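The lines below spell out each chain.
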Amino acid sequence: MGWNSWNKFACNVSEDLIKSVADAMASNGMKDAGYQYVVIDDCWQVSRDDGGNIVADSQRFPSGIKALADYVHSKGLKFGLYSDAGSKTCQGRPGSQGHEFQDALQYARWGADYLKYDWCNTETRNAQEAYSTMSRALLDTGHPIVFSMCEWGTAKPWLWGKGIGNLWRTTGDISDKWTSKKKWADGTCCEYGMVDILDLQVGLESFAGPGHWNDPDMLEVGNGGMTIPEYRAHFSFWALLAAPLMAGNDIRSMSPEIKEILTNTEVIGINQDRLGREGRRVKKEGELEVWSKSLADGSRAVILFNRQASETEVKVTWEDIGYPAHLSARVRDLWAHRDLGASTGSFSARVASHSVVMVKIAP
Ligand code: GLA
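Residues numbered from 1 in each chain as written. Predicted model: local features only at pLDDT ≥ 70, side-chain atom pairs only at ≥ 80, totals over all residues. Heavy atoms only, no water.

Asks: It is not clear to me how the pattern of salt bridges should be interpreted in this structure. Could you clarify?
Replies: A side chain with one charge can pair with a side chain of the opposite charge if their charged atoms come near. As enumerated under the stated definition, the model contains 22 salt bridges in all. Between Glu266 and Arg332 there is a salt bridge, with the nearest N and O atoms lying 2.8 Å from each other. Highlighted residues: Glu266 in helix α10 (residues 265–271) and Arg332 in strand β18 (residues 328–333), separated in sequence by 66 residues. With a relative accessible area of 21%, Glu266 lands in the partly exposed category. Taken together, the salt bridges that share partners define one network made up of Asp199, Arg281, Lys284, Glu289 and Arg307. (Salt bridge = Lys/Arg side-chain N within 4 Å of Asp/Glu carboxyl O. Helix = DSSP H or I, 4+ residues; strand = E, 2+ residues; numbered from the N terminus. Buried < 20%, exposed > 50% of the residue type's maximum accessible area, 1.4 Å probe, protein only.)

So this is what it looks like as structure tokens:
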């Protein structure tokens, strides 16, 4: 769990921004809710020096990256950086191709705890080779660094990423929309709305587990392009998918509704459940769906999902979630923070348009 600069700030990153985000995270309840990593995405780097060492933008980061990492650490948080497996990053900054070991050592010296590693300008490079090389370089530093593979799912990293990275993107980029599908200008990949990304997770659940997670991309909660019920659905699904929860909004100035979504500790508890199982879609009837995640204590987190334009009832049967029909189970609403009593055989609820009811069902 953490925060990443890209979705809201794109290339507009600076040490002032990162410090103020770390201040906010440490004091606004996010750190208490479990958010930890503060990650600078693309555009912190400008060139290489004569020795080939990566050089940070000295106008935007006048105190240097080490001082910034120290600052983030002083708040009890962790610090992350971004690079790319190609010659250049997606925004045309120097990439790490041919400099992997040198860059990894530099990140470790600066005290980085996390590296997001992108896939632009990689030409004919083999993804498994490229990510293995940086993985080895990070390991060789002796400093623990979470390795976030951002390959967009093209080479199916879920098939080979375990043991190389800790998380891997399964798709192209999320956009702050309910639905949308676009190709990038150069044709290499793509952009999706939230539910399009969700649909692309179906079938990948068995590849994730503790230390090796599917990453459906960072959160758009709070960036303004979706409604509050839609953002609640977005956050519920990312929690149920055991996805990395990387906030991508301006956490320094959130509305109370947005903060309530991002810091719902009951929903976060589902995401962080120690069994580490990714949830999955167990029923689809047109625009109504049921998703379920098995939890360590034998209970289930269940999402009743309504894609329709109007409110309607959605039902989960115990059979859908692998329970015998005669079982009596307690149902708790994780957004209303309310126990709904015991049910036998099934549970149903009214679900608003483009939204969810998320419950925990415990025998
Ligand atoms: C790619 C990645 C994004 C972001 C940008 C930065 O599009 O998939 O998450 O890192 O590059 O340029």
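This is not the end of the story, as more comes after the structure.
Asks: For this particular structure, what's the right way to read the sheet that holds strand β10 (residues 181–183)?
Replies: Pairing between the strands of a sheet is mediated by backbone hydrogen bonds and can be parallel or antiparallel. The sheet built from 3 strands is open, its strands ordered β9-β11-β10 with mixed pairing. Two strands in the sheet have a free side with no partner beyond their single neighbour: β9 (173–174) and β10. Where β10 lies against strand β11 (residues 190–192), 3 bridges are found, and the strand directions are antiparallel. Counted as the bridge partner of Lys183 is Cys190 from β11. Packing against the sheet, helix α7 (residues 194–201) makes contact with β9, β10 and β11, and its axis sits at approximately 105° to β11. (Pairing = 2+ DSSP bridges. Contact = heavy atoms within 4.5 Å. Axes fitted to C-alpha atoms, helices over the stretch in contact; angles between N-to-C directions.)

Asks: I keep staring at the environment of Ile40 and nothing clicks. Help me out?
Replies: Summarising the element assignment, Ile40 is placed in the loop between β2 (37–39) and β3 (45–48). The buried category is assigned to Ile40, whose relative accessible area is 0%. Put simply, Ile40 and Thr154 are 114 residues apart on the chain and 24 Å apart in space, counted from C-alpha to C-alpha. Once you skip the residues sitting within four places of it in the chain, Ile40 turns out to touch Ser5, Val13, Ile18, Phe61, Leu68, Phe79, Gly80, Leu81 and Tyr82.

Asks: Would you mind going over the sheet that holds strand β1 (residues 2–4) with me for this structure?
Replies: The strand order across the open sheet built from 8 strands is β12-β8-β7-β6-β5-β2-β1-β13, with neighbouring strands paired in parallel fashion. Every interior strand has two partners, whereas the edge strands, β12 (213–215) and β13 (246–247), have only one.

Asks: Help me out: how do you make sense of the state of the cysteines in this one?
Replies: When the sulfur atoms of two cysteines share a covalent bond, that bond is a disulfide. Tallying each qualifying case throughout the model produces 3 disulfides. Here Cys11 engages in a disulfide with Cys43; their sulfurs sit 1.8 Å apart. Of this pair, Cys11 sits in the loop between α1 (6–9) and α2 (15–27) while Cys43 is found in the loop between β2 and β3, placing the two residues 32 residues apart along the sequence. Overall, Cys43 belongs to the buried group, its relative accessible area being 1%. Disulfide pairing is shown between Cys189 and Cys190; the S-S distance is 2.4 Å. In this pair, the class of Cys189 matches that of Cys190, namely buried. Each disulfide of the protein joins two cysteines, and with those cysteines numbered along the sequence the arrangement is 1-2, 3-4, 5-6. (Disulfide = S-S within 2.5 Å.)

Asks: Please explain α2 as it appears in this structure.
Replies: Each α-helix winds once per 3.6 residues, and so residues spaced three or four apart point in a common direction. With 13 residues, α2 should cover 18 Å at 1.5 Å per step; its first-to-last C-alpha distance of 18 Å lies within 8% of that length. Where α2 is concerned, the buried positions are Glu15, Leu17, Ile18, Val21, Ala22, Ala24 and Met25. Against β1, α1, α3 (30–33), β2 and α4 (65–74) lie the buried residues of α2. Of the residues flanking the end of α2, it is Gly29, one or two places downstream, whose phi is positive at about 100°. (Expected span 1.5 Å × (residues − 1).)

Asks: I would appreciate a short explanation of the side chain of Asp273 in the present structure.
Replies: Relative to the helices and strands, Asp273 resides in the loop between α10 and β14 (280–285). Look at Asp273: it is buried, it has no salt bridge, and the nearest opposite charge is Lys293 at 4.5 Å. Those residues in contact with Asp273 that sit more than four places away from it in its chain are Lys293, Ser294, Leu295 and Ala296. (Lys, Arg positive; Asp, Glu negative; His and termini not counted.)

Asks: How should I be thinking about the site of the ligand in this particular structure?
Replies: Close contacts around the ligand come from 13 residues, with Asp41, Asp42, Lys116, Asp118 and Asp173 the closest. One of the side-chain nitrogen or oxygen atoms of Asp118 is found 2.8 Å away from an oxygen atom of the ligand. For the ligand, whose free accessible area comes to 310 Å², the fraction covered by protein is 97%. Residues that form the shell around the ligand fall into these classes: 6 nonpolar, 1 polar and 6 charged. (Near = heavy atom within 4 Å. Polar contact = N/O pair within 3.5 Å; in protein donor to acceptor, adjacent residues only side chain to side chain. Areas by Shrake-Rupley, 256 points an atom, 1.4 Å probe, with all protein chains shown as cover. Nonpolar A, V, L, I, M, F, W, Y, C, P; charged D, E, K, R; others polar.)

Asks: I tried to follow the packing of aromatic side chains on my own but got confused; where do I start?
Replies: In this description, an aromatic ring pair is defined by two values, namely the gap between the centres and the angle between the planes. Per the stated rule, a full pass over the model turns up 14 aromatic pairs. Between Phe237 and Trp291 the ring centres are 5.1 Å apart and the planes differ by 70°, which places this aromatic pair in the edge-to-face class. Of the two residues, Phe237 sits in helix α8 (residues 228–240) while Trp291 sits in strand β15 (residues 288–294), which places them 54 residues apart along the sequence. Classification of Trp291 as buried rests on a relative accessible area of 1%. Relative to Tyr323, the ring of Trp318 lies with its centre 6.5 Å away and its plane at 80°, an arrangement referred to as edge-to-face. Take Trp318: its relative accessible area is 0%, and that puts it in the buried class. Look at Tyr323 and you get buried, because its relative accessible area is 8%. When the ring centre of Tyr71 is taken as origin, the NZ or CZ atom of Lys19, which lies over that ring, is 5.0 Å away. Arg232 extends its terminal NZ or CZ atom over the ring of Trp335, reaching a point 5.9 Å from the ring centre. (Phe/Tyr/Trp six-rings, centres within 6.5 Å; stacked < 30°, edge-to-face > 60°. Lys NZ or Arg CZ within 6 Å of the ring centre and 35° of its normal.)

None of this, on its own, says anything about what the molecule does.
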